[in-house]
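Chains, contacts and geometry: an overview
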Amino acid sequence: MISYKELGLVNSKELFQKAVKGGYAIPAFNFNNLEQLQAIIGACVETKSPVILQVSSGARKYANQTLLTHLAKGAVEYAKELGYAIPIVLHLDHGDTFELCKSCIESGFSSVMIDGSHHPYEKNVELTAQVVKYAHKYDVSVEGELGVLAGIEDEVSSEVTHYTKPEEVEDFVKKTGVDSLAISIGTSHGANKFTPAQCKRTDDGILIPPPLRFDILEECEKRIPGFPIVLHGASSVPAELVKIINSNGGKLKDAVGIPEDQLRRAAASAVCKINIDSDGRLAMTAAVRKVFVENPAEFDPRKYLGPAREALKELYKHKIINVLGSANKA
Ligand code: G3H
Ligand code: 13P
Ligand code: ZN
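Each value, and the rule that gives it
- Residues numbered from 1 in each chain as written.
- Chains lettered and ligands numbered in written order.
- Predicted model: local features only at pLDDT ≥ 70, side-chain atom pairs only at ≥ 80, totals over all residues.
- Heavy atoms only, no water.
- Salt bridge = Lys/Arg side-chain N within 4 Å of Asp/Glu carboxyl O.
- Helix = DSSP H or I, 4+ residues; strand = E, 2+ residues; numbered from the N terminus.
- Buried < 20%, exposed > 50% of the residue type's maximum accessible area, 1.4 Å probe, protein only.
- Near = heavy atom within 4 Å.
- Polar contact = N/O pair within 3.5 Å; in protein donor to acceptor, adjacent residues only side chain to side chain.
- Areas by Shrake-Rupley, 256 points an atom, 1.4 Å probe, with all protein chains shown as cover.
- Nonpolar A, V, L, I, M, F, W, Y, C, P; charged D, E, K, R; others polar.
- Core = buried A, V, L, I, M, F, W, Y, C linked by side-chain atoms within 4.5 Å.
- Contact = heavy atoms within 4.5 Å.

What follows covers the pattern of salt bridges. In the structure shown here, the tally under the stated rule is 22 salt bridges. Salt-bridge contacts for Lys 175 lead to Asp 171; the nearest nitrogen and oxygen are separated by 3.1 Å. Placement of the pair is Lys 175 and Asp 171 together in helix α8 (residues 166-176), with a separation of four residues, close to one helical turn. Between Asp 279 and Lys 319 there is a salt bridge, with its nearest N and O atoms 2.7 Å apart. With a gap of 40 residues between them, Asp 279 in helix α12 (residues 278-294) and Lys 319 in helix α13 (residues 301-324) connect regions that are remote in the sequence. The same class applies to Asp 279 as to Lys 319, namely buried. A network of salt bridges, in which partner residues are shared, links Glu 46, Lys 313, Glu 314 and Lys 317.

Glancing now at the site of ligand 2. Near ligand 2, the surroundings consist of 16 residues, among which Asp 93, Lys 193, Ser 235, Asp 277 and Ser 278 are the closest. Take Asn 275: an N or O atom from its side chain is 3.1 Å from an oxygen atom of ligand 2. Between Ser 278 and ligand 2, the recorded distance is 2.7 Å, taken from a side-chain N or O atom to an oxygen atom. With the chains in place, 97% of the 310 Å² that ligand 2 exposes on its own is no longer accessible. For the shell around ligand 2, a count of residues per class yields two nonpolar, eleven polar and three charged.

What follows deals with the nonpolar core. Most often, soluble globular proteins keep nonpolar side chains buried together rather than apart. Among the nonpolar cores identified, the biggest contains 96 residues, and Ile 41, Leu 53, Ile 88, Leu 181 and Ile 274 are the most heavily contacted of them. Broken down by element, this core gets its largest block of residues, eight residues, from α13. Those residues within four positions of Ile 41 in sequence are excluded, and the remaining contacts are Val 51, Leu 53, Ala 75, Tyr 78, Ala 79, Leu 82 and Ile 88. Core analysis: the next-biggest nonpolar cluster, separate from the first, contains nine residues, Leu 15, Phe 16, Ala 19 and Ala 28 among them.

Now for the environment of Ala 330. Relative to the elements of secondary structure, Ala 330 occurs in the segment after α13. On the basis of relative accessibility, which here comes to 32%, the residue Ala 330 falls in the partly exposed class. Sequence-wise, Ala 330 and Pro 50 are 280 residues apart; in three dimensions their C-alpha atoms are separated by 4.9 Å. The residues touching Ala 330, leaving out its near neighbours within four places in the chain, are Lys 48, Ser 49, Pro 50, Tyr 84, Ile 86 and Pro 87.

Below, the structure written as structure tokens:
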């Protein structure tokens, strides 16, 4: 058993309390490899932002769990070396079983999500409470979910959105003992969050998605005042990145995300953790495609992963400063 405390990590409790009071959200950035980790830590140190390093079960398989433990410890040391010891959480994203959550806790995670949102309500309560009971023995934070986001993750997928029912949140939080709650208010995973039919199209062909359901968010906040709420599927799918990808051989069609002003509004409320993965994937892909098109003879991975890392870092800094509001909160 490796405790996250030995690695220099923190759980999310104090970070969330401060974020709810301060009207900002902690960035939860997904990572799978070294360059993504370097970009996240570099951006968060430069902006003095706390950070949640997020690992999906697919990412854990991809990166190897032993390496991940050491990478997280390395991230703590790297931040200090860069000049500012920001608080770092290592979080399991979309854990789908008790066993996976337990295994992550045993390998140094300081926070886990148990995503029982695809189960019937009672089963979700039971599974989440089981994870909370185990995690809290080790002072590990737990995120639960109510409501289903449309889109695809490695382990779970849904064609349609099922909005969170505000009348369930109080009972769920009380029965499970979770530390934070992910809700569904119209965000979804991936780079195609809405079909063109769900959007309005401007004269220059830009898709305008339907607004988030702030009424549901407000109703949830009323029922669990001050309780940390989490937003998944919060990439904004910047049009300029999609354009770079498509003009350099990519084929992303009708990609559309959540406008950043809506995320800023959510961050100023009880939403204290905002999950961003797809935007990072787009930034990296755009940078790599550009290098390959502009310099087809290049075959040193540092020559394309280096620019990708730089593009990622800039994207994360922008999110922290202009969208989440977490700069200078570390
Ligand atoms: O919500 C899902 C995250 O974007 C992780 O995606 O399961 O493909 O690693 P992944
Ligand atoms: P995006 O696909 O919108 O980046 O969402 C990521 C996410 O919710 C990870 O859990
Ligand atoms: Zn998610």
